[in-house]
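# Structural overview for review
Read off the chains here:
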Amino acid sequence: MAALRVVPAAAGHLVSLPGWFDTPEALAMWGGGGLRFPLGGDQIAAMLAETTTDPPLRLAFAGLLDDTTVAHAQIVLDWPNGVARLARFALAPSHRGKGLARPFLAEVFARLDEAGDFPRLELNVYVQNTRAIRLYESLGFTREGVRRSSTRVGEARWDVAIYAIIRQD
Ligand SMILES: CC(C)(COP(=O)(O)OP(=O)(O)OC[C@H]1O[C@@H](n2cnc3c(N)ncnc32)[C@H](O)[C@@H]1OP(=O)(O)O)[C@@H](O)C(=O)NCCC(=O)NCCS
C-alpha cells in the first residue's frame, strides 16, 4: 500500500466525503446533530471557512493514499484556553479496519503541536460508537463524563461521552 500522506484539507480533497455517510445516523455519528443529511458542499465549505480565519478556529486535514482521500479529521481550537478538540474524524468506509486510524491521528496531532500550545486535547464521541471509543482509549484518552440525551437524531436522543488527554501528564 502507498504511504499515507496528511495534508491540510481543501474542498477538493473532500469531494468524496458525503458518500462516506449513507444514513442520517451515520452522518450524525461522525459530525454531530447539527448537520443536514446528506452532507453537502455548502456544509463542508462552512467548516473549511473556519480554517482560514486569523488565527484559525479550526484545522482540517485529509489523509491521502496516492491521490485518494481515505481519512479526514478536524481540530477545533480554543486559543485563549489552550484547548483543542478533535472533531469530525473518519476513515473512508473502504479503508476502515486496516490500521490507518492510528498513524493518521499521530500525524494530525503532530500538526496540532506545530500550530500552537494546546495542553488539553479533547473529543466528544457517542457512547454507542464502540469502535471509535476503543481507538481513543487505546491512545490514552480518558472518559470524563457523559452528556446524557444531548443530541437529537431523528426520533432518538443520543448520549455523548467527553474524553480528554492532558498532554503534560
Ligand atoms: C472510528 C474510525 C475512524 C476507526 O477506524 P478503524 O478502521 O476502526 O480503526 P483502525 O484503522 O485503527 O482499525 C483498527 C482495527 O482494524 C484492525 N486491523 C486490521 N489490519 C490492521 C493493521 N494492519 N494494523 C492495525 N490494525 C489493523 C485492528 O485489529 C483493529 O481492530 P480492533 O480495534 O478490534 O483490534 C472508523 O470506524 C470510522 O471512520 N467510523 C465512522 C466515523 C466515526 O464514527 N468517527 C468517529 C467520530 S467520534
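Residues numbered from 1 in each chain as written. Predicted model: local features only at pLDDT ≥ 70, side-chain atom pairs only at ≥ 80, totals over all residues. Heavy atoms only, no water.

## Overview of helix 2 (residues 41–49)
Taken as a whole, helix 2 has its buried residues at Gln43, Ile44, Met47 and Leu48. Down the axis of helix 2, the smallest arc covering the buried residues is 135°, so these residues share one side. (Buried < 20%, exposed > 50% of the residue type's maximum accessible area, 1.4 Å probe, protein only. Helix = DSSP H or I, 4+ residues; strand = E, 2+ residues; numbered from the N terminus. Arc of directions from axis to C-beta.)

## With respect to the pattern of salt bridges
Evaluation of the coordinates by the stated rule reveals seven salt bridges. Here Arg5 ties to Asp67 by a salt bridge, and the two come within 3.4 Å at their closest N and O atoms. Of this pair, Arg5 sits in strand 1 (residues 4–8) while Asp67 sits in the loop between strand 2 (58–65) and strand 3 (68–78), and the two are 62 residues apart along the sequence. A relative accessible area of 42% places Arg5 in the partly exposed class. Asp67 sits in the exposed class, given a relative accessible area of 67%. Residue Arg58 is joined to Glu50 by a salt bridge in which the shortest nitrogen-to-oxygen separation is 3.0 Å. Several salt bridges share partner residues, and in doing so they unite Arg120, Glu122 and Glu144 into one network. (Salt bridge = Lys/Arg side-chain N within 4 Å of Asp/Glu carboxyl O.)

## Comments concerning the packing of aromatic side chains
Under the defined criterion, the tally for this structure stands at seven aromatic pairs. Between Phe89 and Phe104, the aromatic rings sit 6.0 Å apart at their centres with planes inclined by 15°, giving stacked as the arrangement. Residue Phe89 is located in strand 4 (residues 83–91), and its partner Phe104 is located in helix 3 (residues 101–115); the two are separated by 15 residues in the primary sequence. Exposure remark for Phe104: the relative accessible area of 0% places this residue in the buried category. Taken together through their ring pairs, the aromatic side chains of Trp20, Phe21 and Trp30 make up a single cluster. (Phe/Tyr/Trp six-rings, centres within 6.5 Å; stacked < 30°, edge-to-face > 60°.)

## A word on the packing of helix 3 against helix 4 (residues 130–138)
Contact pair helix 3 / helix 4: the axes reach a minimum separation of 11 Å and the direction vectors enclose 55°. In this view, helix 3 runs oblique relative to helix 4, as classed from their interaxial angle. Handedness of the crossing formed by helix 3 with helix 4: right-handed. Between helix 3, through Ala101, Arg102 and Leu105, and helix 4, the contact on the second element is made entirely by Leu135, Tyr136 and Ser138. The class makeup of the residues in the contact of helix 3 with helix 4 is four nonpolar, one polar and one charged. (Axes fitted to C-alpha atoms, helices over the stretch in contact; angles between N-to-C directions. Parallel < 35°, antiparallel > 145°, perpendicular 65-115°, else oblique. Left-handed = near helix turned anticlockwise from the far one by under 90°. Contact = heavy atoms within 4.5 Å. Nonpolar A, V, L, I, M, F, W, Y, C, P; charged D, E, K, R; others polar.)

## Quick look at the pairing of strand 7 (residues 156–166)
Across seven bridges, strand 5 (residues 120–126) lies against strand 7 in antiparallel orientation. Looking at the pairing, Val125 lines up with Ala161 of strand 7. As judged from the eight bridges shared by strand 6 (residues 142–153) and strand 7, these two strands associate in the antiparallel manner. Bridge pairing in strand 7 links Val153 to Ala156. As consecutive antiparallel partners, strand 6 and strand 7 are separated by two residues, and within that stretch Gly154 has a phi angle of approximately 60°, a positive value. (Pairing = 2+ DSSP bridges.)

## Observations regarding the site of the ligand
Around the ligand there are 17 residues in total, and Phe89, Leu91, Gly97, Asn129 and Arg131 lie nearest to it. At a separation of 3.0 Å, an oxygen atom of the ligand approaches a polar side-chain atom of Arg96. Interatomic distance of 3.3 Å between a backbone N/O atom of Ala101 and an oxygen atom of the ligand. Against a free-state accessible area of 960 Å², the protein chains account for coverage of 65% of the ligand. Going through the elements one at a time, strand 4, strand 5 and helix 4 are the ones with two or more residues in the shell around the ligand. Looking at the shell around the ligand, the element that brings in the most residues is helix 4, giving four residues. Residue composition of the shell around the ligand, grouped by class: nine nonpolar, four polar and four charged. (Near = heavy atom within 4 Å. Polar contact = N/O pair within 3.5 Å; in protein donor to acceptor, adjacent residues only side chain to side chain. Areas by Shrake-Rupley, 256 points an atom, 1.4 Å probe, with all protein chains shown as cover.)

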